[in-house]
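Take a look at the letters that make up each chain.
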Amino acid sequence: MSVEKQPKLTGKDQWQVLKRLLSYTAPHKASITIALVLLIMTITGGIVGPLIIQRFIDNYLTPLNFPEREVTAIVLLYIGIQLFMVVVSYFQLMRFQDIALKIIQQMRIDVFSKVHGLGMRYFDKTPAGSIVSRVTNDTESIKDMFVSVIVTFLQAVFMLIGVYIALFSLDVKLALISLLLLPLFLAIVVIYRRYSTDFYQDLRERLSQLNAKIAESLSGMGMIQAFRQEQRLEAEFDEINEKHFRAGMRNIKFDGILLSPAIDLLYTGAIIFVLGYFGFISLDSPVEVGILYAFTTLIGRLFQPVQQVMQRLSIFQQAIVSASRVFKLMDDNDMEPEQQIVKNAEIGDGKIEFRNVSFSYDGKADVLKNISFTANAGETVALVGHTGSGKSSIINLLMRFYEYERGDIFIDGVSLKEYPQEELRQKTGLVLQDPFMFYGDIESNIRLHNKEMTPEEVRGAAEFVRANDFIEKLPGKFSHRVTERGSTFSSGQRQLVAFARTIATNPKILVLDEATANIDTETEVAIQASLEKMRKGRTTIAIAHRLSTIQDAELILVLHKGEIVERGTHQELLSQKGLYHMMYELQNSTIEDVI
Amino acid sequence: MKVLLQLSWFFKQRKKQYALGIAALVLVSILQLLPPKIIGIIVDDITLGRLTAPGLTKWLIILGIAGILMYFARFYWRVMIFGSAVLLSRTMREKLFNHFTRMSPSFYQKRRVGDLMAHATNDINALQQTAGMGILTLVDSISTGGFVILTMAITINWKLTLIALIPLPFMIFLTSYYGRLLRKRFRFAQEAFSNLNDKTQESITGIKVIKTFGQQKEDIEDFTNLSTDVVGKNMRVARIDALFDPTITGIFAVSYILSFYFGTKYIIAEDMSIGDMVAFSTYLGLLVWPMLAFGFLFNIVERGNASYSRITELLSIAPEITDLPGAIDKRPEGDLHFDIEEFKFPSDEALALHNVHFSLKQGETMGIVGRTGSGKTAILKLLLREFEGYKGSIVYGGNPINQYKQQRLRESIGYVPQDHFLFSTTIAENIAFTNPKIAKEKIYEASRLAQIHDDILGFSEGYETIVGERGVSLSGGQQQRVSIARALIMEPELLILDDSLSAVDAKTEEAILEALKQYRTGETTIITSHRLSAIQHAHKIIVMHEGTIAEAGTHEELLAMDGKYKEMYELQQLEVMVEQGGEV
Ligand SMILES: Nc1ncnc2c1ncn2[C@@H]1O[C@H](COP(=O)(O)OP(=O)(O)OP(=O)(O)O)[C@@H](O)[C@H]1O
Ligand SMILES: Nc1ncnc2c1ncn2[C@@H]1O[C@H](COP(=O)(O)OP(=O)(O)OP(=O)(O)O)[C@@H](O)[C@H]1O
Ligand SMILES: [Mg+2]
Ligand SMILES: [Mg+2]
C-alpha cells in the first residue's frame, strides 16, 4: 500500500504557499474590500459598545445624575450601534463565505482541469485516491481557512489595534504595560507552531494512511474474502488505527498544555495585574471606577481574539499543508504529450506510419525498439506477440497517452505531434483492453458526454457489436442502471458496451486492443462481419491473441520483446515458418493431451 | 439528544473518565465566577474608599490560585473528555472496518465505495464531535450557565437577574430553530459534496476512456456544474449559519440595556451598589459562551444523531453469508455435486441460473464454455459462496458448502477471477497474498507455474516492482498471470480459472495448462474460457446457454452431439479452414 507523505515545509515554503493562496483573492478585490469594510465596522461596534457603557457608568451612574436628554441620547446611541452591528455582521459573514466558496470553486476547477491535462505517466504512479483528495478534500480544508482563519486573523488584528487604542485613551501608562502582553502571545504562538507542526503532520499522515487502507480494502474486498485475508487485514488496520489514536491523544495533550488553558491563565494574570495596579493607586489617590471597569472588559476583549486565533492555528496549519499539496499537483510537469499544432492539419484517408519508434516507460528499459510499419488507408494491421511484448504500448503511443522522443509517427504524412488534439480524438477510436463502465445507465455509457448523438445512433452502435441482444433483455433496456464499474454485468457484456461506445463515434481510425478477449466466438464472428462491412475507408489496428480474428489483415506484425520480428500477410508469415507459424500451429493443432 | 442515549454503552464503558472530566469542567465553571466577583468587590472597596493593602493582596492571591487551578482543570478535562471521544472514533472505525470485511459482494454492488468511505470518515468524525464537543457544550452550558445565573441571583440581585434573562429564551428558541434549518441544508450540502467526490473519483479512474474520447472539456464542464451546485448548497447553509452570531449579539444587547435600565433604578433605590452593577454586567458577559454553546450543542448533536443512525444502519445489516452454528471445521476435499434449480442475483429479476446440475470427481478437470452472459461466472460465484439464496444444493466433499466454516471452504479454493484485482504493492506481496511470510522459493515456484517468473526477472526491480493501482504498470497478460500465481501459491484443492487465459498468447496458455497438468495431479480444476483450446482436454465440459446447461460431455462426445459446442468449434475451425483453404 503506497502512503503519501505530507511534505515537510520550511517557514519560507509556508510563506510562499500563503502568498500564492492569497493571490486567488485577486479577482474578488471589490468584494473583499466591501467585506473588509463591513468587518471593520463590526469590530468598531464591538469596541465602542463597552466604551459607551463605561461612559454611562462614569458620567451618570456613579454621580447618580441622569439628565434626561443626554441619557436618552446615549441609550439610543447604544441601541443604534447594536442594531447596526447585528445587520452589518450578518452581511460581513455572508460576504466572506461567498468569497471563500467562489475561490475554492475556482481552485477546484483549476486542479481538475490540470488533472485532465496530465499524462498517463502521472496516473500510473499516483493512486487515484490521492488525486481525488487533492481535488476535493484538500481544497475543502483550504476553504476552512478562507472562511474562518483569515477573518479571525484580520478580526484579531483590528481588534487588538482597536482595543489598544481604547486602552491608550483610558490610561497611557497601563496601556503601555499591557503592550507587554503582545510578545507573550507571540511567544505562545511561536512555541505552539514549532511543535504542533510536527505533531499535526504526524496526525494527518496517520489519517491518510487510515483512509488509504479503508479505500483499498473496500475496492479489493472480493479478493480479500476469496483469499480469506480478513483477519490479517483487520489486524493491519487495527495497528494503523491504534497509531492514529495515539497521535490524536498526543495532540490533545499538547493543545491542552499550550492552547486555551494557557491563554486563560495569562488572562487571569492580566486581571490580577490590572486590579493590583488600580487597587494600589487607589490607596493613595482616587481612581475612576469606570476606567477600571473598562480596563477589565477591554482586557477580556483583548484575549478573545487571541483565543480564537490559537484555536484556528491548526486549521491554518492544515490549510497550508493542503495548499502545498494542491500546488504541487498544479505545478507537476508530467503533462500530456504536447501538440505542435500545424494549422488545418486534418486526418483524411487515415494512413498510419511508424518510423523507427523506440520507447521506454521508465527511461531505463526499452519496451519498444525501432518500430517501423505502415498501415495504408483502409487497411487492417494486426499486432500479435507474446504477452508483454509491447503491443499495447504501440497503441499507447498512437493514442498520445505517452510522449515518444525517438522516431516519429505519421498520419497521412503529417507527424502525430502536429495535429490538434481534438482532431486526433475525433478521428481515432480505441477499444481498451480492460473496459471501464461509468456509474449511470447503459445509454449514458455508450453516449458519454456527446449530447448530439441520437438514441438511434446509440442503439445502432449496440446492434453493431451485438450488445443489443443482452441489453434488450434487461428490465430497463438502455436505461438500465449501471453500478460502480459495472459490477452487475458479466465481463463480456462490459466489453461489448465499451466496444459500442467506440463504434458510436464512427472513427476514421479504429484501434482494438483485445477488444473481444472476453467475448464468445459467435458474437465475435458477428462483430467481425459488421466490421468487415464497414471497413471501407477505415484504417484498423487490431491486437488479438486469437489469431483467427485477425487473419484477414493486410499486414500482420509479430512483436517479440519490443521488436518487430516478422511481418507480412497471414500466408507469408505461415510460409516463413517462424514465430507466427509456431503460434498458429499451437492454436490450431488439436492440442495433444494438454490437460 | 437521542444520540447521547444511544451512546450510553460507550459512556458507561468510560464512566470514570467522563465523571472526572465533568467534575473538572464543573470546577472550572465555579472558579470562573471568582474573577468578576473579585473585580466587583475591589471596585466597591475603591468607591467606598475602604480598600486596604492586605485586603487587596489577599484577593489577588486568591485570584492567582484560582487561575492556576483552572489551568490544570482545563487541561485535565480535555484529556479525559476529548481523549474519550478519540477513543470512540477508534472503536467505531474498527467496528465498521470489521463489519465491512464481513459483507458479501451484493452489499458492495448496492453501494459506491466513495459513500462507504464517507461513513468511515465524516460520520465517525461527527460521532467524535458528539462525544467530545457535544458533552463539553452540554455540561458547560448547563454548569457555567447555571452557576453564573445562580451567582447573579444570590450574590447580587435576583430580580435583576430575572429581568436580564428575559431575552434569553428567545435566543434558545431562535438558535434551535436555526439548527433545524441548518441540518436540512447541511445534508444537501454534504450530498452535493459527495457527488462531486464521486464524480472526481470516477473521472480519475476512467481517465483513459475520457482521454480516448477527447472528452476532457465536457468532463470539466460537468465538474464545473457540480461544483457550482456545491457553492449554491453551501451558500444556503451560510445564510443560516451567519445568523447565529448577530442573533446572539442582538439578544445580549437587549439584556444589557434591560439590566442597566433596571440596575440604575435599583442603584437609585440603594438596593444595589455600583460595584454590583459592574460585576453583574461582567457575569452577563460570561453567559455569552454557555448560550453559544447551547446553540452549538444543537448542531453537534443533530449531526451526531444523523451520523450515528447511518452508522448503526450499516452495522445492523447482517452479513448475508455466515457460518452456521456448529459449522464443519474441516477443509473440504473430494467430489463436487452442483445442483441448482434456480438462482437470481439479489438486484435482478431475471433468473441468472436454472437447472444447472453437474458432478465432478476429485482430481478431474472441468471446462465451462458458453456465450457472454450465459452464467459461467455465476456458477463459480455460487461455488465460492459469494452469493446464496438459490434453490438447490452444492455439495463438496460430502457436505453442502454452506455447512463448512467459510474460512475453511475458501482455504480449499484457489480463485482467479475474470477481473483480476491486484493491490498496489510489490509483485512478491501480491503473489504471497495468502501468506506474506511464505518462503521466497515458494513465490518463485508459483510464478514459474504461472509462466510469469521470467517476465518478472526482466523488470528492473524484479519481484520488488510496485505494480501501481490495480496493477496498471503491468501488461494485461502479466496481470492475469500474477493473479494465477497468487492462487497457485496456496496449493488449492479446487482451482478456479475464470477466463483467466484470455489475455495470454497461445504459447503461454499451453505452457500454463501443461504446468497445471503436471503439478496438480490429485486436485480438481474448473476452467471457463471462450477459446476451446483451453478446455478441450477437460474430463468434462459443460456448455452454458442462457443460464442453463445446454450440453455436457467430453470434447469428443460434444462434437458428436452436433449442437452448440460443435457450432462453436466449427466457427473457430472455420476461420482456420478458410485460411488453410487459401494456402492450398
Ligand atoms: N504504464 C506502464 N508503466 C511501466 N511499464 C509498463 C506500463 N505498461 C506496460 N509496461 C511494461 O511494458 C511492457 C510491454 O507491455 P504491453 O502492455 O505493451 O504488453 P502487451 O504486448 O500489450 O501485452 P499483453 O498481451 O499482455 O497485453 C511490459 O513488460 C509491461 O510490464
Ligand atoms: N452481480 C450481479 N448482479 C446482477 N446481475 C448479474 C450479476 N452478475 C452477473 N449478472 C448477470 O447475470 C448473467 C450471467 O452473468 P455471468 O457473469 O455469469 O456471465 P458469464 O457467462 O460469465 O459471461 P462472460 O463470458 O461475459 O464472462 C448476465 O446477464 C449478467 O448481466
Ligand atoms: Mg496489452
Ligand atoms: Mg464471466
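This is a predicted model, so every value here is computed, not measured.

## Observations regarding the sheet that holds strand β5 (residues 399-400) of chain B
The strands that make up a sheet are held in pairs by hydrogen bonds between backbone atoms, and each pair lies either parallel or antiparallel.
All names here are of chain B.
Item 1. The antiparallel open sheet is built from four strands, whose spatial order is β2-β1-β4-β5. Of all strands in the sheet, those bounded by a partner on one side alone are β2 (353-360) and β5.
Item 2. Bridging between strand β4 (residues 391-396) and β5 involves two bridges; their strand directions are antiparallel. Among the inter-strand pairings, V395 is bridged to a residue of β5, identified as P400.
Item 3. On top of the sheet, helix α15 (residues 376-383) reaches β1 (336-343), β2 and β4; it is set at about 115° to β1, its chief contact.

## Brief notes about the site of ligand 2
Item 1. Around ligand 2 sit 21 residues, and of these S490 and G492 of chain A together with Q109, K376 and T377 of chain B come closest.
Item 2. The local environment of ligand 2 is shared, drawing residues from chains A and B.
Item 3. At a separation of 3.2 Å, a nitrogen atom of ligand 2 approaches a polar backbone atom of T488 of chain A.
Item 4. One of the side-chain nitrogen or oxygen atoms of K376 of chain B is found 2.7 Å away from an oxygen atom of ligand 2.
Item 5. Relative to its free-state accessible area of 630 Å², ligand 2 is covered by the protein chains to the extent of 93%.
Item 6. Those elements that place two or more of their residues in the shell around ligand 2 are α17 (491-503) of chain A together with α15 of chain B.
Item 7. Residue composition of the shell around ligand 2, grouped by class: three nonpolar, 15 polar and three charged.

## Topic: the coordination of the magnesium ion (ligand 4)
Residue and element names in this part refer to chain B.
Item 1. Coordination sphere of the magnesium ion (ligand 4), protein contribution only: T377 (OG1) and Q418 (OE1), at 1.8 to 2.1 Å. With T377 in helix α15 and Q418 in the loop between β6 (413-416) and α17 (427-431), the pair connects residues that are 41 residues apart, well separated along the chain. Across the pair, Q418 and T377 agree in class, each one buried.

## Regarding the domain arrangement of chain B
Item 1. For chain B, the domain assignment lists domain 1 (2-104 + 114-315) and domain 2 (336-422 + 488-580).
Item 2. Placing a centre on the C-alpha atoms of domain 1 of chain B and another on those of domain 2 of chain B gives a separation of 61 Å.

## Some thoughts on the site of ligand 1
Item 1. D124, S392 and S393 of chain A together with S475 and G477 of chain B are the nearest of the 23 residues found near ligand 1.
Item 2. With respect to ligand 1, the chains having nearby residues are chains A and B.
Item 3. Contact distances for ligand 1 include 2.6 Å between a nitrogen atom and a side-chain N or O atom of D124 of chain A.
Item 4. Notes on ligand 1: free accessible area 630 Å², of which the protein chains cover 89%.
Item 5. Among the elements of the structure, α12 (391-398) of chain A together with α20 (476-488) of chain B are those that each provide at least two residues to the shell around ligand 1.
Item 6. When grouped by side-chain class, the residues that make up the shell around ligand 1 number seven nonpolar, 13 polar and three charged.

## Concerning the pattern of salt bridges
Item 1. Scanning all chains against the criterion turns up 43 salt bridges over all chains.
Item 2. Ionic pairing is found between R90 of chain B and E242 of chain A, a salt bridge with its closest N-O pair at 2.9 Å. Of this pair, R90 of chain B sits in helix α5 (residues 53-102) while E242 of chain A is found in helix α9 (residues 230-258), placing the two residues in two different chains.
Item 3. The salt bridge partner of R408 of chain B is D329 of chain B, with a shortest N-O separation of 3.0 Å. Taken as a pair, R408 of chain B in helix α16 (residues 406-412) and D329 of chain B in the loop between α14 (288-316) and β1 lie far apart in primary sequence, 79 residues in all.
Item 4. Owing to a relative accessible area of 23%, R408 of chain B belongs among the partly exposed residues under this scheme.

## Remarks on the pairing of β1 of chain B
All names here are of chain B.
Item 1. Relative to β2, β1 is paired through seven bridges, and the arrangement is antiparallel. In the sheet register, I340 faces β2, and the bridge partner there is V356.
Item 2. In terms of strand pairing, β1 meets β4 through six bridges, oriented antiparallel. Bridge pairing in β4 places L336 opposite Y396.

## Focus on the nonpolar core
Item 1. The biggest cluster of nonpolar side chains holds 136 residues, and the ones touching the most others in it are L275, F295, F354 and F373 of chain A.
Item 2. At 20 residues, helix α11 (residues 289-331) of chain A tops the list of elements feeding residues into this core.
Item 3. Residues contacting F295 of chain A, with those up to four places away along its chain left out, are L167, L170, D171, L174, A175, V274 and F278 of chain A.
Item 4. With 134 residues, the next largest nonpolar core counts F97, A450, V467 and A538 of chain B among its residues.

## Some thoughts on the packing of aromatic side chains
Item 1. Summed over the entire model, instances satisfying the criterion amount to 37 aromatic pairs over all chains.
Item 2. On the numbers, 5.0 Å between centres and 85° between planes, the contact of F11 of chain B with Y18 of chain B is edge-to-face. Summarising the burial analysis for this pair, F11 of chain B and Y18 of chain B share the class buried.
Item 3. Measuring from ring centre to ring centre gives 5.4 Å for Y71 of chain B and F72 of chain B, while their planes differ by 80°; the resulting arrangement is edge-to-face.
Item 4. Given a relative accessible area of 16%, Y71 of chain B falls into the buried group.
Item 5. Judged by its relative accessible area of 52%, F72 of chain B is exposed.
Item 6. Among the aromatic side chains, those forming a connected cluster through ring pairs are F227 of chain A together with F421, F423 and F433 of chain B.
Item 7. Between the NZ or CZ atom of K58 of chain B and the centre of the ring of W59 of chain B, over which it lies, the distance is 4.7 Å.
Item 8. Geometry around W9 of chain B places K95 of chain B over its ring, the cationic atom sitting 4.3 Å from the centre.

## Examining the packing of helix α7 (residues 113-156) of chain B against helix α13 (residues 274-286) of chain B
All names here are of chain B.
Item 1. Here α7 crosses α13 at 170°, and the two axes come no closer than 10 Å. With respect to α13, the element α7 is oriented roughly antiparallel. The handedness of the crossing between α7 and α13 is left-handed. Residues V148, T151, M152 and I156 of α7 form the contact with α13, whose own contacting residues are D276, A279, F280, Y283, L284 and L286.

The rules behind these values
The written sequence of each chain sets the order in which its residues are numbered from 1. Both sets of labels track the order of writing: A upward for chains, 1 upward for ligands. Thresholds applied to this predicted model are a pLDDT of at least 70 for local features of residues and 80 or more for the giving and counting of side-chain atom pairs; totals over whole chains, interfaces and linings are not thresholded and use all residues. Only heavy atoms go into the side-chain values, all of them from the structure, while hydrogens and water stay out. Two strands qualify as a pair provided that DSSP identifies no fewer than 2 bridges between them. Numbering of helices and strands runs from the N terminus; a helix is a DSSP stretch of H or I covering at least four residues, while a strand is a stretch of E covering at least two. In this analysis, two residues are considered to be in contact whenever any of their non-hydrogen atoms come within 4.5 Å of each other. Inter-axis angles, ranging from 0 to 180 degrees, are taken between N-to-C directions of lines fitted to C-alpha atoms, where helices are fitted over the stretch in contact. One heavy atom within 4 Å of a molecule or strand is enough for the residue carrying it to be called near that molecule or strand. N or O atoms closer than or at 3.5 Å make up a polar contact, with two conditions inside protein: a donor-capable atom paired with an acceptor-capable one, and, for residues adjacent in sequence, both atoms drawn from side chains. Here the accessible surface of atoms and residues is derived via Shrake-Rupley with a 1.4 Å probe, and residues count as covered only by protein chains that are part of the display. Residue polarity is assigned by list, with Asp, Glu, Lys and Arg as charged and Ala, Val, Leu, Ile, Met, Phe, Trp, Tyr, Cys and Pro as nonpolar; anything else, Gly included, falls into the polar class. Coordinating donors are taken as N, O and S atoms within 2.8 Å of the metal, stretched to 3.2 Å for Na, K and Ca; because water is absent from the atoms, sites can appear incomplete. Per-residue accessibility, obtained with a 1.4 Å probe over protein chains only, is compared with the maximum for each type, and a residue is labelled buried under 20%, exposed over 50%, and partly exposed between these values. Each domain span listed reflects an automatic or database assignment of domains. One side-chain nitrogen of Lys or Arg within 4 Å of one carboxyl oxygen of Asp or Glu is enough to make a salt bridge. Among the buried residues, those of types Ala, Val, Leu, Ile, Met, Phe, Trp, Tyr and Cys that are joined through side-chain atoms within 4.5 Å form a nonpolar core. Only Phe, Tyr and Trp rings are paired, with Trp represented by its six-membered ring, and only when their centres lie within 6.5 Å; those with planes under 30 degrees apart are stacked, over 60 edge-to-face, the remainder tilted. Counting as a charge over the ring demands two things of the Lys NZ or Arg CZ atom: a distance within 6 Å of the ring centre and an angle within 35 degrees of the ring normal. Between 65 and 115 degrees an angle is taken as roughly perpendicular, under 35 as roughly parallel, over 145 as roughly antiparallel, and anywhere else as oblique. Each crossing gets its hand from how the near helix is turned against the far one by less than a right angle, where anticlockwise is left-handed and clockwise is right-handed.

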